[in-house]
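Chain by chain, the residues:
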Amino acid sequence: MAANSTPLEQNLEDFRSFELPTEEENDNYRKLALRQLYYEQRRTFRKVPCFFAWQLDKEILAGWEDAYATVLSDLKCFPVGYDGTYGETVSYENSWNLARNYGGNRRHEGVDLMTSNNKPGYFPAVSICDGTIEKMGWLELGGYRIGIRSTHGAYLYYAHLDSYRKGLAIGDMVKAGDILGYLGNTGYGKEGTKGKFDVHLHFGIYVDIEGKEVSVNPYYILKWLEQ
Ligand SMILES: [Zn+2]
């Protein structure tokens, strides 16, 4: 870039040289925010001239950083409980924001944690933070789900449960590490529908950014919680 370039040209150059953080940098929430910004950028700004996108991005990035700081400050545990005594494993990929078809074309607002034995009711779903039970009950897409509002306002969404831990009710306080229920394969139909897919936990994280509820990519946060 020439030394006498205009600020607009510099912005454009900055935008083009935008780099994704590496896997090793995931412990830094600013890098996490940048990574999510990259996905949001592709989705939202694809048809906008680059320099406009970049100018908007700086403001959005500040919002994402705050949101990640909020989320990360509350989170303490991995959302599935297991110790591998019998060789159990849980696996997941970065499927956030990929296309989904059931219930109309939509985006995948979470990560699916798959279990090694595919047995409903075997693996506990664990609260990853202190918080309050805000939602329970059936959703066509989510099956038996539970939603926890964390201390600093993030919403943690656990879907496709086989059952809830006995005695839990909306409004109850939970602590990080508390069992919320057991993983299953419920959803994609009327109440009680099971077995339309393999047992897994669909796990979503939502935060408010300027009054709008936004889905955050749980993938890097899960990697961080697993460390
Ligand atoms: Zn899912």
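Just so you know, these numbers come straight off a predicted model, no measurement behind them.

The rules behind these values
- Residues numbered from 1 in each chain as written.
- Predicted model: local features only at pLDDT ≥ 70, side-chain atom pairs only at ≥ 80, totals over all residues.
- Heavy atoms only, no water.
- Helix = DSSP H or I, 4+ residues; strand = E, 2+ residues; numbered from the N terminus.
- Contact = heavy atoms within 4.5 Å.
- Areas by Shrake-Rupley, 256 points an atom, 1.4 Å probe, with all protein chains shown as cover.
- Pairing = 2+ DSSP bridges.
- Donors = N, O, S within 2.8 Å, 3.2 Å for Na, K, Ca; no water.
- Core = buried A, V, L, I, M, F, W, Y, C linked by side-chain atoms within 4.5 Å.
- Buried < 20%, exposed > 50% of the residue type's maximum accessible area, 1.4 Å probe, protein only.
- Domains from an automatic or database assignment.
- Salt bridge = Lys/Arg side-chain N within 4 Å of Asp/Glu carboxyl O.
- Phe/Tyr/Trp six-rings, centres within 6.5 Å; stacked < 30°, edge-to-face > 60°.

So, the overall build of the chain
Looking only at helices and strands, the chain features 4 helices and 12 strands. Counted over contacts in the chain with a minimum sequence separation of 6, partners at least 24 positions apart contribute 63%. Working note: accessible area of the chain is about 11,800 Å², and carbon and sulfur atoms make up 50% of it.

Focus: the pairing of strand S6 (residues 131-139)
Here 8 bridges tie S6 to strand S7 (residues 143-150), and the two strands are oriented antiparallel to one another. The residue of S7 that forms the bridge with Trp138 is Tyr144. Where S6 folds back on S7, the antiparallel hairpin that results is connected by 3 residues. Relative to strand S9 (residues 173-174), S6 runs antiparallel, the two being bridged by 2 bridges. The partner of Gly131 across the bridge, within S9, is Val174.

Quick notes on the coordination of the zinc ion
The zinc ion binds to the protein through His108 (NE2), Asp112 (OD) and His202 (ND1); the donor distances cover 1.9 to 2.1 Å. We note that the donor set of the zinc ion lies within a single chain, spaced as H-x3-D-x89-H. Taken together, the positions of His108 in the loop between strand S3 (106-107) and strand S4 (111-115) and His202 in strand S11 (residues 200-209) put the pair 94 residues apart, joining distant regions of the chain.

Description of the nonpolar core
Membership of the largest hydrophobic core comes to 43 residues, with the highest contact counts inside it found for Leu113, Ile146, Ile148, Leu156, Tyr158, Phe203 and Ile221. Here this core spans two domains, since at least three of its residues come from each of domain 1 (7-74) and domain 2 (90-226). Discounting chain neighbours no more than four positions away, the residues touching Ile146 are Ile133, Lys135, Met136, Leu156, Tyr157, Tyr158, Leu161, Tyr164, Leu168 and Leu180.

A look at the pattern of salt bridges
Going through the model one piece at a time under the given rule, you end up with 5 salt bridges. Between Lys76 and Asp130 there is a salt bridge, with its nearest N and O atoms 3.6 Å apart. Taken together, the residues span a long stretch of sequence, with Lys76 in the loop between helix H3 (50-74) and strand S1 (90-91) and Asp130 in the loop between strand S5 (124-126) and S6 at a distance of 54 residues. With relative accessibility at 53%, the residue Lys76 sits in the exposed group. A salt bridge links Asp112 to Arg100; its shortest N-O distance comes to 3.1 Å. With a gap of 12 residues between them, Asp112 in strand S4 and Arg100 in strand S2 (residues 99-100) connect regions that are remote in the sequence. Given a relative accessible area of 14%, Asp112 falls into the buried group. Several salt bridges share partner residues, and in doing so they unite Lys76, Asp130 and Lys175 into one network.

Focus: the side chain of Ser127
Checked against the element boundaries, Ser127 lands in the loop between S5 and S6. Using a relative accessible area of 0% as the deciding quantity, one classes Ser127 as buried. When residues no more than four places from it in sequence are discounted, the contact partners of Ser127 are Cys77, Ile148, Tyr158, Val174, Lys175, Ala176, Gly177, Asp178 and Leu180.

Some points on the packing of aromatic side chains
The way to describe two aromatic rings as a pair is by their centre distance and the angle between their planes. Going through the model one piece at a time under the given rule, you end up with 10 aromatic pairs. Each ring, one from Tyr188 and one from Phe197, has its centre 5.1 Å from the other, and the planes form 75°; the classification is edge-to-face. Connected via pairs of aromatic rings, a cluster forms that spans Phe78, Tyr92 and Tyr219.

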